[in-house]
Amino acid sequence: MKAAVIVFPGSNREGDVARALKQAGADVTTVWHADTELPPGTDLAVLPGGFSYGDYLRCGAIAGRASVMDAVRAHAARGGLVLGICNGFQILCESGLLPGVLMRNAGLHFICRRQFLRVERNDTAFTRAYAAGQAIDVAIAHGEGNYVADEETLARLEGDGRVAFRYADRDGAVTPAANPNGSLNNIAGIYSEKLNVLGLMPHPENLIDDLVGGTDGRGLFQSLLAA
Amino acid sequence: MTVKEPAITPELVASHGLTPDEYERFKALIGREPTFTELGIVSAMWNEHCSYKSSRIHLKGLPTKAPWVIQGPGENAGVIDIGDGLACVFKMESHNHPSFIEPYQGATTGVGGILRDVFTMGARPVAALNSLRFGAPEHPRTRHLVSGVVAGIGGYGNSFGVPTVAGSVGFHTRYDGNILVNAMAVGIARTDGIFYSAATGVGNPIVYLGSKTGRDGIHGATMASAEFDENSEEKRPTVQVGDPFAEKLLLEACLELMQTGSVIAIQDMGAAGLTCSAVEMGAKGGLGVELDLDAVPCREEGMTAYEMMLSESQERMLMVLDPARQAEAEAIFRKWGLDFAVVGHTTDTLRFVVRHQGEVKADLPIRELGDEAPLYDRPWNEPVRPAVLDPTTVAAPVSNTEALIRLVGSPDLASKRWVWEQYDHLILGNTVQTPGGDAAIVRIEDGPKGLALTTDVTPRYCEADPVEGGRQAVAETWRNITAVGGKPLAVTDNLNFGNPERPDIMGQFVGCLRGISEACVALDFPIVSGNVSLYNETQGRAILPTPTIGGVGLVDDVTVHATLAFKRAGDVVLLVGETAGWLGQSVYLRDVAGREEGAPPPVDLAAERRNGDFVRGLIHGGRVSAVHDLSDGGLLVGLAEMALASGIGATLDPAPAELPSHAFWFGEDQARYIVTATADEADAIVAQAREAGVPLRRIGATGGDALRLGADEAISIEDLRRAHESWLPDYMAAAAS
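Where an unreviewed UniProt entry is consulted, chain B appears under the name Phosphoribosylformylglycinamidine synthase subunit PurL, with the organism given as Pseudochelatococcus contaminans. Annotation of chain B in UniProt includes, under Subcellular location (unreviewed entry), the sentence "Cytoplasm". Its UniProt record gives chain B a comment under Subunit (unreviewed entry), which states: "Monomer. Part of the FGAM synthase complex composed of 1 PurL, 1 PurQ and 2 PurS subunits."

Per an unreviewed UniProt entry, chain A is named Phosphoribosylformylglycinamidine synthase subunit PurQ, and its organism is Pseudochelatococcus contaminans. What UniProt states about chain A under its Subcellular location (unreviewed entry) heading is, verbatim, "Cytoplasm". Of the comments in the UniProt record for chain A, the one headed Subunit (unreviewed entry) reads "Part of the FGAM synthase complex composed of 1 PurL, 1 PurQ and 2 PurS subunits."

Written out as structure tokens, the structure reads:
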């Protein structure tokens, strides 16, 4: 598995995701935002967390238009895998690779805490190491993770099984109380139509170590390695 | 376009914060009337914030050395050796005055400034901490300030990408007019890759890096060197604006540049901006500096020499570069989209010369700007030590559990989750111990080593008895590091006081410093960096003396550490240290009995060391399941915190008959810890403590879902949790209504 982690000015979790990928056995390179191509043989393009370009416009808006994103779009169009975490999810929405938008958290504060997610399906390249319906304990750290889409889009996402993860309680129950940011239908992550692009707000890459909170995040990277 | 410079009048001198005597001293030094720009430069160099003119004389005596200290006070940050070729670089600094006027920007730039101090020395920041003090919760301004400061600290650290792992938040009416925002940053460098500020070599280029210069923050340091009055609101333009994105780029560009070997000296532009950084680099290196302001990247048009020299625009650096490597260096900065401009060069004249639009705007002796700054031995009064409060004179509460629930839900002791959940404390994936424990633990790279980090001070003790309070601040820092299994190595201090021109305030300062010094010596805990913030006073009302201590300890193997949560039912609860039932200056006395009086608990430094070394040994031997140090609120609050962290309760023996029970449960005797262990292990620990002369007693056993005090009193963890977790969110939510 050759993974290319794209670094934008203001990315700050590129090291965290690279560590998780390497732990799972991936061959990881970093790619600068001004580059126009991904390294030959790239299987997976990763858009890491952070505050690309300071997030001074809408989150992810400037990164969504960076030179390297043409290469990422081409990679996705060829069926290549793309993973966007947190700011990376925002960038995927801004670049047109995923529908919808991430608005400011309903509580208007940045929130960093542990958070359970329900894995909606386990037949994708990103989730095969999990069980469908499994509750996994990961972390969130964002100020703008409130997923919003128009009714038609939402119906299509739900109808096509494109919701990847939902905010849930420890038993996997999807409840309003378990929703940290106001996202519609407790959506924490979604897939593209061909299920080869995943965007999610939470940080599985920070839960890969028993000593540092737990290992529930590993499954996502192990799934990719098995892909 | 030349702007006509104002004539130097006594009023203009006074408005620059210089006394007539100081102005005369400056004139004598240069042998003529200064220019307007020169007046600005000297006001920047000689204000309290930059010159430490009231505090220097007392700071000299602080213990700053140990075999593991690589760099003590005097550089951008302190540096200690943590083995394996690695160094820990850290410092704490205040941003009190700006944060009161504009809380969000004041706090962001406080965080930005301290991060810059750390990476200027070649270290990559791995953790941020803070210590915050606000006015009384009922003060009309407090919510707004809490909200803005917390958002600002998070806004900067979260974007920059450093975990904010520990801190403290307190409230007291004495901070109504002057809040405290003390920010600490901790970084890791290679011991052979540390960068300093002293320039070397004549004719080397001085390079300006980072963001452009604007008109923000002009006279910021001067503002921080005076009391507030009713017109302080008007000082908003002196508050700088933070840009964490620019700082993140600056970090990456600087660290990349340092790798190339082209950096001879580096200094960040903090207080007093270009002036202070250029003078410092030259003076430290025994060189002169010539600046050409035409080359300074400006954000605004028509900026004068005076404005450029005094601007405190953020995210800027000054470097002396190896001329042979200049092109390489410039390419790195261009790649990161940052400004890079040669704005001057070093000279052998020992003069600080500033040119702008073909004119010499300043020509001053560089060493004297720093070395000849006024130095005051201000008069100070020996503080009057209050009488020791007899615990039997303090009324008993309705019930101890009733008092406990009030305390765990009181502003100072309530959970600060609302605060630290706004800080990204998980980024970088090394936060082994998250906020809410005695000290944070941050793993270094892939381990096994880690750092134990904390900030501490008990201002009400310092007010009652500065010497004892100073000792206690250091001792509690040391104890918190010990309680997680760390070996305490060194501290940074952030000394926040009122107006030093008042002998009572100066007496507090001198006293606290004496106590700090004694404790640092006794505990082998040298001070390697620090900051003094005076004039925290509004209309004659000073803050409580608040010498915040930031401590760093080493955890040899992060897999061997302790947390405060009870681990299982059936463990024996052991109390380490002597309990005399000290209620003077306790939180119980203040928040339950409504009295703020008496002497604070005495700190026996030998007992601290003995008890702490004993507890650390137990942790390293893997013999204890939970550890918590005792401080605010005493024994019962400590036990409640251990129960709250786990959801497991405890049944406790009744208080000993010789003490009023509330003095036993809520007294704040020092040098104490609670540890838990299995029954077999507990027997061995009791025997070992007896041999080592460590006071230790069994006080109960873990289990159940309540705290039970003897047969008569009990309170459920659920009730405790509700009180503990709800106060701060409820208080902040009331702001919206």
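Quick notes on the overall build of chain B
Scanning chain B from terminus to terminus reveals 25 helices and 28 strands. For 737 residues, the compact-globule formula gives about 27 Å, and the C-alpha radius of gyration of chain B, at 26 Å, lands near that figure. Reported as C-alpha extents along the three principal axes, the dimensions of chain B are approximately 85 × 50 × 50 Å. Considering chain B as a whole, with its 737 residues, one finds that 63% of them fall into the buried category. Look at the contacts in chain B between residues 6 or more apart in sequence, and 85% of them connect residues 24 or more apart.

Quick look at the overall build of chain A
Along its length, chain A carries 5 helices and 11 strands. Against the globule reference of 17 Å for 227 residues, chain A gives a C-alpha radius of gyration of 16 Å, in line with a compact fold. Its C-alpha atoms give chain A principal-axis dimensions of about 45 × 35 × 35 Å. Here chain A holds 227 residues, and 57% of them are scored as buried. When contacts within chain A are restricted to residue pairs at least 6 apart in sequence, long-range pairs at least 24 apart make up 75% of them.

Observations regarding the domain arrangement of chain B
Domain boundaries in chain B define domain 1 (6-46 + 196-373) and domain 2 (562-737). On a C-alpha basis, the centroid separation for the pair domain 1 of chain B and domain 2 of chain B is 51 Å.

Observations regarding the UniProt feature "active site" (unreviewed entry) in chain A
Residue and element names in this part refer to chain A. UniProt marks Cys86, His203 and Glu205 with the feature "active site" (unreviewed entry), using the numbering shown here. The greatest C-alpha distance among the residues just named is 11.0 Å, despite their covering 120 residues of sequence, which places them together in space. Secondary-structure assignment places cysteine 86 in the loop between β4 (81-85) and α3 (87-94). Excluding residues within four positions of it along the chain, cysteine 86 makes contact with Arg13, Gly49, His142, Met201 and His203. Note on placement: glutamate 205 falls in the loop between β11 (197-200) and α5 (218-226). What glutamate 205 contacts, discounting residues up to four positions off in sequence, is Arg13, Asp16, Val17, Ala20, Ile85 and Gly217.

Section: the environment of alanine 464 of chain B
Residue and element names in this part refer to chain B. The topology assignment puts alanine 464 in helix α17 (residues 459-464). Along the backbone, alanine 464 and leucine 544 are 80 residues apart, and their C-alpha atoms lie at a distance of 9.5 Å. Beyond its immediate stretch of four places on either side in the chain, alanine 464 contacts Pro386, Gln585, Ala599 and Pro600.

Description of unusual backbone geometry
All names here are of chain B. Residue proline 448 is reached from glycine 447 by a cis peptide bond, and omega for that bond is 5°. Checked against the element boundaries, proline 448 lands in the loop between β15 (440-443) and β16 (450-456). Positive phi is not limited to glycine here, since leucine 428 has a value of about 85°. Assignment of secondary structure puts leucine 428 in the loop between α16 (417-420) and β14 (431-433).

Topic: the sheet that holds β14 of chain B
Pairing between sheet strands relies on hydrogen bonds along the backbone, with the strands arranged either parallel or antiparallel. Residues and elements named next belong to chain B. Pairing in this open sheet of 6 strands is mixed, and the strands run β14-β15-β16-β21-β17-β18 from one edge to the other. Either end of the sheet is taken by a strand with one partner, and the two such strands are β14 and β18 (527-533). Direction aside, the axes of adjacent strands within the sheet are offset by 25° on average. Where β14 meets β15, 2 bridges bridge the pair, whose relative direction is antiparallel.

Here's the deal with the UniProt feature "binding site: ATP" (unreviewed entry) in chain B
Residues and elements named next belong to chain B. On the UniProt side, "binding site: ATP" (unreviewed entry) is annotated at positions that read Tyr52, Lys91, Asp493 and Gly530 here. Note on placement: lysine 91 falls in strand β3 (residues 86-94). With sequence-adjacent residues up to four places away left out, lysine 91 is seen in contact with Ala77, Gly78, Ile114, Asp117, Val118, Met184, Ala185, Thr492 and Ser529. With respect to the secondary-structure elements, glycine 530 resides in strand β18. Looking at glycine 530, the number of C-beta atoms within 10 Å reads 26, which means it is buried. Excluding residues that lie within four positions of it along the chain, glycine 530 makes contacts with Pro73, Thr492, Asp493, Asn494 and Leu495.

Considerations on the packing of helix α7 (residues 103-120) of chain B against helix α10 (residues 244-259) of chain B
Residues and elements named next belong to chain B. In contact at an axis separation of 11 Å, α7 and α10 are set at 0° when each is read in the N-to-C sense. Judged by the inter-axis angle, α7 sits roughly parallel to α10. Here Thr108, Gly112, Leu115, Arg116 and Phe119 of α7 lie close against α10, whose contacting residues are Pro244, Glu247, Leu251, Cys254 and Leu255. Grouping the constituent residues of the contact of α7 with α10 by class yields 6 nonpolar, 2 polar and 2 charged.

Observations regarding the interface of chain B and chain A
Taken together, the 23 residues of chain B in the interface contact 22 residues of chain A. For the side of chain B that touches chain A, the secondary structure elements donating two or more residues are α8 (142-160), α10 and β14 of chain B.

Overview of the nonpolar core
In this structure, Ile6 of chain A together with Leu453, Val474, Ala643 and Val675 of chain B are the most contacted members of the largest nonpolar core, which totals 312 residues. Structurally, this core is a two-domain feature, drawing no fewer than three residues from each of domain 1 (6-46 + 196-373) and domain 2 (562-737) of chain B. Apart from residues no more than four positions distant in its own chain, valine 474 of chain B is found in contact with Val491, Ile516, Ala519, Cys520, Leu523, Phe525 and Ile549 of chain B.

As for the sheet that holds β11 of chain A
All names here are of chain A. Spatial strand order, β2-β1-β3-β4-β11-β10-β9-β6-β7: 9 strands in an open sheet with mixed pairing. Either end of the sheet is taken by a strand with one partner, and the two such strands are β2 (27-32) and β7 (135-142). Ignoring strand direction, the axes of neighbouring strands in this sheet form an average angle of 25°. Looking at chain direction, strand β6 (residues 111-119) and β7 are connected through 8 bridges and run antiparallel.

As for helix α3 (residues 36-46) of chain B
In terms of burial, α3 of chain B is largely enclosed, as 11 of its 11 residues are buried. All buried positions along α3 of chain B are accounted for by Phe36, Thr37, Glu38, Leu39, Gly40, Ile41, Val42, Ser43, Ala44, Met45 and Trp46 of chain B.

A word on α8 of chain B
All names here are of chain B. Between its terminal C-alpha atoms α8 stretches 27 Å, which fits the 27 Å expected from 19 residues at 1.5 Å a residue. With 15 of 19 residues buried, α8 is to be regarded as a mostly interior element. Among the residues trailing α8, glycine 161 stands out with phi positive, at a value near 100°.

Thoughts on the UniProt feature "domain: PurM-like C-terminal" (unreviewed entry) in chain B
In the numbering used here, UniProt assigns the feature "domain: PurM-like C-terminal" (unreviewed entry) to residues 202-355 and 568-704 of chain B. Between the C-alpha atoms that bound residues 568-704 of chain B there is a distance of 10 Å. The span itself is 39% helix and 18% strand.

What about the environment of valine 118 of chain B?
All names here are of chain B. Looking at where valine 118 falls in the secondary structure, it is placed in helix α7. The class of valine 118 is buried, set by 32 C-beta atoms lying within 10 Å. Contacts of valine 118, omitting those with residues within four sequence positions, involve Ala77, Val89, Phe90, Lys91, Ala123, Pro125, Ala185 and Gly187.

Details of the environment of glycine 584 of chain B
Residues and elements named next belong to chain B. Note that glycine 584 resides in the loop between β22 (572-576) and α20 (587-591). We classify glycine 584 as buried; it has 25 C-beta atoms within 10 Å. Expressed as a C-alpha distance, the spacing of glycine 584 and asparagine 204, which sit 380 residues apart in the sequence, is 60 Å.

Regarding the pairing of strand β9 (residues 163-168) of chain A
Residues and elements named next belong to chain A. Counting buried positions along β9 yields 6 of 6 residues, so the element is predominantly enclosed. Across 4 bridges, the pairing between β6 and β9 is antiparallel. Across the sheet, phenylalanine 116 pairs through a bridge with alanine 168, a residue of β9. Inspection of the sheet shows β9 paired to strand β10 (residues 187-191) by 3 bridges, in the antiparallel sense.

Thresholds applied
- Residues numbered from 1 in each chain as written.
- Chains lettered and ligands numbered in written order.
- Predicted model: local features only at pLDDT ≥ 70, side-chain atom pairs only at ≥ 80, totals over all residues.
- UniProt positions renumbered as here; feature names shortened; annotations may be inferred.
- Helix = DSSP H or I, 4+ residues; strand = E, 2+ residues; numbered from the N terminus.
- Rg over C-alpha atoms; globule rule 2.2 N^0.38 Å.
- Buried ≥ 20, exposed ≤ 12 C-beta atoms within 10 Å, placed from the backbone.
- Contact = placed C-beta atoms within 7 Å.
- Domains from an automatic or database assignment.
- Pairing = 2+ DSSP bridges.
- Axes fitted to C-alpha atoms, helices over the stretch in contact; angles between N-to-C directions.
- Parallel < 35°, antiparallel > 145°, perpendicular 65-115°, else oblique.
- Nonpolar A, V, L, I, M, F, W, Y, C, P; charged D, E, K, R; others polar.
- Core = buried A, V, L, I, M, F, W, Y, C linked by C-beta atoms within 7 Å.
- Expected span 1.5 Å × (residues − 1).

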